[in-house]
Amino acid sequence: MRTVAVVGTSLAGLRSAQELRAQGFDGRLVMIGAEPPYDRPPLSKNFLLGKVSADDLALAGQDDLDAEWRLGVRAEKLGRDGVTLEDGTTIVADGYVIATGAVARTLGAARCLKGVHTLRTLDDAVSLKRELAAGPGPVVVIGAGFIGAEVASACRLLGHDVTVIEATPVPLASVVGPEMGTVCAGLHAASDVRLIAGVPVAGFAGTDRVTGVRLADGREIPADLVVAGVGARPVTEWLTGSGLAVDDGVLVDSGCVTANPRVIAVGDVARYHCLLRGGRVRAEHWTAACEQAGVAVANLLAGSTVTHFARHGYFWSDQYGRRLQFAGVATEDVRIAEGDVASKRFVATYHRGEALTGVFAIDSARPFTKLRRAL
Amino acid sequence: MIRACSVSELPEGEALRLEGPVPVSVFHAEGGYYALDDTCTHQDASLADGWIEDCFVECPLHAARFDLRTGVPDCLPAKNAVRTYPVVVADGVIYVDTRAQRDVA
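Residues numbered from 1 in each chain as written. Chains lettered and ligands numbered in written order. Predicted model: local features only at pLDDT ≥ 70, side-chain atom pairs only at ≥ 80, totals over all residues. Heavy atoms only, no water.

Peer 1: An account of the pattern of salt bridges is needed here, citing residue identities and associated values.
Peer 2: Inspection of the entire model under this criterion finds 26 salt bridges over all chains. Here Asp38 of chain B ties to Arg17 of chain B by a salt bridge, and the two come within 3.6 Å at their closest N and O atoms. Here Arg17 of chain B lies in strand E2 (residues 15-18) and Asp38 of chain B lies in the loop between strand E4 (32-37) and strand E5 (51-53), a separation of 21 residues in the sequence. Between Arg65 of chain B and Asp74 of chain B there is a salt bridge, with the nearest N and O atoms lying 3.2 Å from each other. On the basis of relative accessibility, which here comes to 41%, the residue Asp74 of chain B falls in the partly exposed class. The network of salt bridges with common partners includes Glu131, Arg209 and Asp224 of chain A. (Salt bridge = Lys/Arg side-chain N within 4 Å of Asp/Glu carboxyl O. Helix = DSSP H or I, 4+ residues; strand = E, 2+ residues; numbered from the N terminus. Buried < 20%, exposed > 50% of the residue type's maximum accessible area, 1.4 Å probe, protein only.)

Peer 1: Give me the pairing of strand E26 (residues 355-362) of chain A: which residues, what numbers.
Peer 2: Residues and elements named next belong to chain A. Among the eight residues that make up E26, six are buried, leaving the element largely enclosed by the rest of the structure. Relative to E26, strand E23 (residues 322-328) runs antiparallel, the two sharing five bridges. Paired with Gln325 across the strands is Ala361, a residue of E26. The pairing of strand E25 (residues 345-352) with E26 spans seven bridges and is antiparallel. Counted as the bridge partner of Tyr350 is Gly358 from E26. Hairpin connection from E25 to E26: two residues lie between these consecutive antiparallel strands, with Gly353 at a positive phi of about 65 degrees. (Pairing = 2+ DSSP bridges.)

Peer 1: Describe the environment of Ala99 of chain A, and please don't skip the residues or the numbers.
Peer 2: In this structure, Ala99 of chain A sits in the loop between strand E7 (95-98) and strand E8 (102-104). Distance in space between the C-alpha atoms of Ala99 of chain A and Thr9 of chain A is 7.0 Å, their sequence separation being 90 residues.

Peer 1: Describe in detail the sheet that holds strand E22 (residues 314-319) of chain A, supporting the description with residues and values.
Peer 2: All names here are of chain A. Within the open sheet, the five strands sit side by side as E22-E23-E26-E25-E24. Their pairing is antiparallel. Strands with a single pairing partner mark the edges of an open sheet, and in this sheet they are E22 and strand E24 (333-340). Averaged over neighbouring strand pairs, the angle between their axes works out to 20 degrees when direction is ignored. Across six bridges, the pairing between E22 and E23 is antiparallel. Looking at the pairing, Asp318 lines up with Arg323 of E23. Sheet contacts for helix H6 (residues 365-373): E22, E23, E24, E25 and E26; angle to E26, the most-contacted strand, approximately 165 degrees. (Axes fitted to C-alpha atoms, helices over the stretch in contact; angles between N-to-C directions. Contact = heavy atoms within 4.5 Å.)

Peer 1: Just give me the short version of unusual backbone geometry, but keep the residues and values in it.
Peer 2: Residues and elements named next belong to chain A. Residues other than glycine seldom take positive phi values, yet Asp248 does so here, at roughly 50 degrees. Owing to a relative accessible area of 38%, Asp248 belongs among the partly exposed residues under this scheme. Phi at Lys344 is positive, roughly 55 degrees, even though this residue is not glycine. Structurally, the position occupied by Lys344 is in the loop between E24 and E25.

Peer 1: Residue-level account of the sheet that holds E4 of chain B, with values.
Peer 2: Residue and element names in this part refer to chain B. Ordered in space as E2-E3-E4-E8, the four strands form an open sheet in which the pairing is antiparallel. The open sheet terminates on both sides in strands that have one partner only, identified here as E2 and strand E8 (84-85). Strand direction decides the pairing type here: E4 and E8, joined by two bridges, are antiparallel. Looking at the pairing, Ala35 lines up with Tyr85 of E8.

Peer 1: Which residues make up the interface of chain B and chain A, and what are the values?
Peer 2: Interfaces are frequently sized by the accessible area removed from exposure as the parts join. The interface is formed by 18 residues belonging to chain B together with 17 residues belonging to chain A. Between chain B and chain A lies a buried interface of about 1600 Å² when both sides are counted; carbon and sulfur atoms form 49% of it. Broken down residue by residue, the surface that chain B buries against chain A is led by Trp51, Leu61 and Leu76 of chain B, which jointly contribute 34%. For Glu14 of chain B, the salt bridge goes to Arg366 of chain A, with nearest N and O atoms at 2.7 Å. (Buried area = accessible area lost by both parts, 1.4 Å probe.)

Peer 1: Describe the packing of aromatic side chains, and please don't skip the residues or the numbers.
Peer 2: Residue and element names in this part refer to chain A. Counted under the stated rule, the structure contains eight aromatic pairs over all chains. Between the aromatic rings of Phe146 and Phe315, the centroid separation amounts to 4.7 Å while the plane-to-plane angle is 65 degrees, which identifies the pairing as edge-to-face. In this pair, Phe146 is assigned in helix H3 (residues 146-157) and Phe315 in strand E22, connecting sequence segments 169 residues apart. Across the pair, Phe315 and Phe146 agree in class, each one buried. Taking 5.7 Å as the distance between ring centres and 75 degrees as the angle between the ring planes, the aromatic pair formed by Phe326 and Tyr350 counts as edge-to-face. Residue Phe326 is located in strand E23, and its partner Tyr350 is located in strand E25; the two are separated by 24 residues in the primary sequence. Like Tyr350, Phe326 is buried. Through a chain of ring-to-ring contacts, the aromatic side chains of Phe146, Phe315, Phe326 and Tyr350 assemble into a single cluster. Positioned above the aromatic ring of Phe47 is the side chain of Lys129, whose terminal nitrogen or guanidinium carbon lies 5.2 Å from the ring centre. In this structure, Arg372 is placed above the aromatic ring of Tyr314, and the distance from its NZ or CZ to the ring centre is 3.8 Å. (Phe/Tyr/Trp six-rings, centres within 6.5 Å; stacked < 30°, edge-to-face > 60°. Lys NZ or Arg CZ within 6 Å of the ring centre and 35° of its normal.)

So this is what it looks like as structure tokens:
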């Protein structure tokens, strides 16, 4: 293999490039991306709070890659003759890494209203931060998932009046289960953030700029600023006609390899066959992006799937000055292993029969780590 | 030098955070005692909460590993080393010389 093109300079793309070099690939390495690599998790936390700058988000190791960087251009097409960029150039490679990530889902009706934001990229965060600094107006966050909760937390710490609207009855229940989801919901109230759960958003008020959010039950919540944290969509449009199977992500096997062994997909864009859970999943998490890269690259260099990605999902979130960590799979059998829920400092474990399936912790990193290793 | 704790209070594989203007932690690993700045250089996390194995501590948040002897990370995502401090054990008590911080290369 003489040339490898990494499409997408996200964390997953950068880690793949690092793994290529670490695993002995000494050929031509082309890095194609709309944006330079940076670390995304702080955007909804310390970046909004002004505790870290854009410079602090740089990911280590970019300079050591001996790579050819094609930044500021998107890939338009992947075909037999290579990957074609929007500037018309085509890069012919022997191996391709698809790491184009995902983009924030938007709420259609709000797209043309000023004051309605999503948060995914550095540009999004810069623009949101600038608007937050402009005034203390009421903020409505749509979606009480991790991004929504983190943004709500940051806005509250910045002194805004914040309301969070969540369509499902219990935030995060699909991830951490209803019991722990209820605990997470309580974090909002404890910091004087209103949570309206179980009510979908029906629309927006305002002509030029948003003035409120209309709920399905007829209420209208005043808003000077709206942040929609309603999930992300994998970036796969450019693969139309590539012959690769795409269905809510690039379909890959348990080694992150597509039906074409010269093409691998990693990170948010990859929908892989999960050996631990059965079925296909996308793992939109920082740690998965890092861990998948090593597996996928080993398979690319080997020419077939010789190693499999079989790690339990892990993610963390910082909200209202507390650190939440979760690993594994949530089941209905939840036990408190350490601490107590009332003090919001505890470790909960999830079980199936006698088997440990998952761990959730608030402000308890040390026991969490021990239990995570027992998964 | 500041008193960290008695030897009996820090079994092997454990760490203790010493609160101060800059938190420093003392680690007991592989039969030795080591003191490092407690905060991971990648993102805000306490290394005293990390996983101690061989002569390394793994950050509890993102799994960056630091060599307890030198403070140097041996893998990403951390880019920079944490500072290390001399540790002295006398009469069953562990002391850390927090004023003699050693900047690493």
